[in-house]
Amino acid sequence: MRLGGRIAAAVEVLDDMASRRRPVADALKDWGLSHRFAGSGDRSAIGNLVYDVLRRRRSLAHRMGTDATGPLVFGAFLDSSGMDPAELRAALDGDRFAPPLPDDAVLARFRRAGAEGSEPAVAADVPDWLAEPLRAALGDDWIAEARALSDRPPLDMRVNTLKAARGEVEAELAPFGAGPTPLSPVGLRVAPIAGEGRHPNVQVERGFQTGAFEIQDEGSQVAALLCGARAGERVLDYCAGAGGKTLALAAASDNQAEIHAFDADRQRLAPIWDRLARAGASSVTVHAPRDDLTPLHGTMDLVVVDAPCTGTGTWRRRPDAKWRLNEAQLAKRTGEQDKVLDAAARFAKPGARLAYITCSVLRAENAERVEAFLGRMPGWRLADAEALWADRLPAAGPAYHAERIAAGSVLTLTPLRSGTDGFFFALLERTP
Ligand SMILES: C[S@@+](CC[C@H](N)C(=O)[O-])C[C@H]1O[C@@H](n2cnc3c(N)ncnc32)[C@H](O)[C@@H]1O
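Per an unreviewed UniProt entry, the chain goes by RsmB/NOP family class I SAM-dependent RNA methyltransferase and derives from Aureimonas flava. According to its UniProt record, the chain has this under Sequence similarities (unreviewed entry): "Belongs to the class I-like SAM-binding methyltransferase superfamily. RsmB/NOP family."

Given below as structure tokens:
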């Protein structure tokens, strides 16, 4: 396909998403199925354009002076390609599949224009209602923080130290440009895609197939490390999902902790079996949603609650979620978070730790949930997560937002501060 056809395809996918209210991944997949002639280079170029528009929809519209889909896709292409408008016009010359190109004057203004003069939420590329919650969570820098949540993400991997050392996997993935992550001592990263192309499909590599590494954002790796699962401990991963944190906890404790993995959703839990087997995580017992867990009450040294959340920290990877989120959904999530925390706390024995993790940056889901928990649960206190970070990640430096509450502290990781997805971490302690 030539450039015009790719741009037209991106417009078609975005319009399909909007008119049928469907997730971006489904719209892209359907387009691929009905256009089998498109090669893998075409598909990744079209996917990048679609995702870039979703990440920066409001600021692109402000700079282009319209929110019509065609001009937005041209804008995203100009930004990612670095072409100037004359080069773009030349590249599309005679290309009968290209949608109509905006006027030269519009393109020139687009090129020059920044976010100046726009509303803060437009500059931040978020829905209006999220401006205040983001400012409250991320401080004066919130617009830059939100813009970093609109960047393309890297591909992060966690080396499974049960099977391999970081250097070995780094050597295997060197042809893809993988290098060590700055925070996690077991992380590898392939930089975000610049321009066209896509990240390598590392899942077909030998190291993935043999369990030497997993795909996992560095923020998620760090959150699991901060939990500090130790040899000899009993650990419950109460919202285990497909097991991302479970696997990291098993590796961090060198299979020497007794780990229990549970999730309320059978579907989400399903991939965990294969993943555990591949990773050689032999210390994990999986509990199905209908299992009776009461015998485990009051027996755990560490309970991990990787809570259901709005996922605002993952907007780089799921930008369509940003525009779908509303206040009712946020309220629903915070209610679930309180319930999950209360249910999970029952498994902690006196003196135990309870790690509360979300992949959201919003205070309502994070610090406010911790404060609410402490308010209704006597016999619990908040640990100093900042001190914990300094202890567990001494080489990393304070690459987070810290907030001091309830005589302790909680941490928020963000793409701008930490170079990771957005994550929240708090450690609660049950008094002995
Ligand atoms: C953020 S995801 C977990 C991701 C997973 N820990 C990982 O690292 O891959 C949150 C999980 O919480 C589960 N969940 C939601 N409500 C729950 C409840 N009441 N009890 C247990 N799990 C719940 C969801 O099914 C979902 O899998």
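Colleague: If you had to explain the domain arrangement of the chain to someone new, which residues and values would you point to?
Modeller: Where the parts come together, the accessible area they lose is often given as the size of the interface. For the chain, the domain assignment lists domain 1 (3-115), domain 2 (155-215) and domain 3 (218-430). Once you take the C-alpha centre of each, domain 2 and domain 3 turn out to be 23 Å apart. The interface of domain 2 with domain 3 comprises 15 residues on the first partner and 17 residues on the second. Going through the elements one at a time, strand E1 (155-159) and strand E3 (187-190) are the ones with two or more residues in the side of domain 2 that touches domain 3.

Colleague: How would you summarise the UniProt feature "domain: SAM-dependent MTase RsmB/NOP-type" (unreviewed entry) in the chain if you had to cite specific residues and measurements?
Modeller: The UniProt feature table records "domain: SAM-dependent MTase RsmB/NOP-type" (unreviewed entry) at residues 145-431. With 33% helix and 23% strand, residues 145-431 has its two end C-alpha atoms placed 36 Å apart.

Colleague: How would you summarise the UniProt feature "active site" (unreviewed entry) in the chain if you had to cite specific residues and measurements?
Modeller: Under the UniProt annotation, the feature "active site" (unreviewed entry) is placed at Cys-359. Along the chain, Cys-359 turns up in the loop between strand E9 (348-358) and helix H19 (367-376). On the basis of neighbour count, Cys-359 is assigned to the buried category, with 25 C-beta atoms found within 10 Å. Once residues lying within four places of it in the same chain are set aside, the contact partners of Cys-359 are Cys-309, Gly-311, Gly-313, Thr-314, Asp-421, Gly-422 and Phe-423.

Colleague: Break down the packing of helix H18 (residues 327-345) against H19 for me, citing the residues and quoting the values.
Modeller: Closest axis-to-axis distance for the H18/H19 pair is 10 Å, and the angle between their directions is 45 degrees. With respect to H19, the element H18 is oriented oblique. Relative to H19, the crossing made by H18 is right-handed. Within the contact between the two elements, H18 uses Thr-334, Gln-337, Asp-338 and Leu-341 and H19 uses Arg-369, Ala-372 and Phe-373. Grouping the amino acids of the contact of H18 with H19 by side-chain chemistry returns three nonpolar, two polar and two charged.

Colleague: Just give me the short version of helix H14 (residues 244-252), but keep the residues and values in it.
Modeller: When you tally the buried positions in H14, you get nine out of nine residues, the bulk of the element. Inspection of H14 places Gly-244, Lys-245, Thr-246, Leu-247, Ala-248, Leu-249, Ala-250, Ala-251 and Ala-252 among the buried residues, and these make up the whole buried set. In the segment just after H14, Asp-254 is the residue with positive phi, at about 55 degrees.

Colleague: Got a sec to walk through the site of the ligand? Specific residues and values, please.
Modeller: The full set close to the ligand counts 16 residues, and Cys-239, Gly-241, Gly-244, Asp-265 and Asp-306 are the nearest of them. Elements with a contribution of two residues or more to the shell around the ligand: H14 and H18. Split into classes, the residues belonging to the shell around the ligand amount to seven nonpolar, three polar and six charged.

Procedures and definitions
- Residues numbered from 1 in each chain as written.
- Predicted model: local features only at pLDDT ≥ 70, side-chain atom pairs only at ≥ 80, totals over all residues.
- UniProt positions renumbered as here; feature names shortened; annotations may be inferred.
- Domains from an automatic or database assignment.
- Contact = placed C-beta atoms within 7 Å.
- Helix = DSSP H or I, 4+ residues; strand = E, 2+ residues; numbered from the N terminus.
- Buried ≥ 20, exposed ≤ 12 C-beta atoms within 10 Å, placed from the backbone.
- Axes fitted to C-alpha atoms, helices over the stretch in contact; angles between N-to-C directions.
- Parallel < 35°, antiparallel > 145°, perpendicular 65-115°, else oblique.
- Left-handed = near helix turned anticlockwise from the far one by under 90°.
- Nonpolar A, V, L, I, M, F, W, Y, C, P; charged D, E, K, R; others polar.
- Near = placed C-beta within 6 Å.

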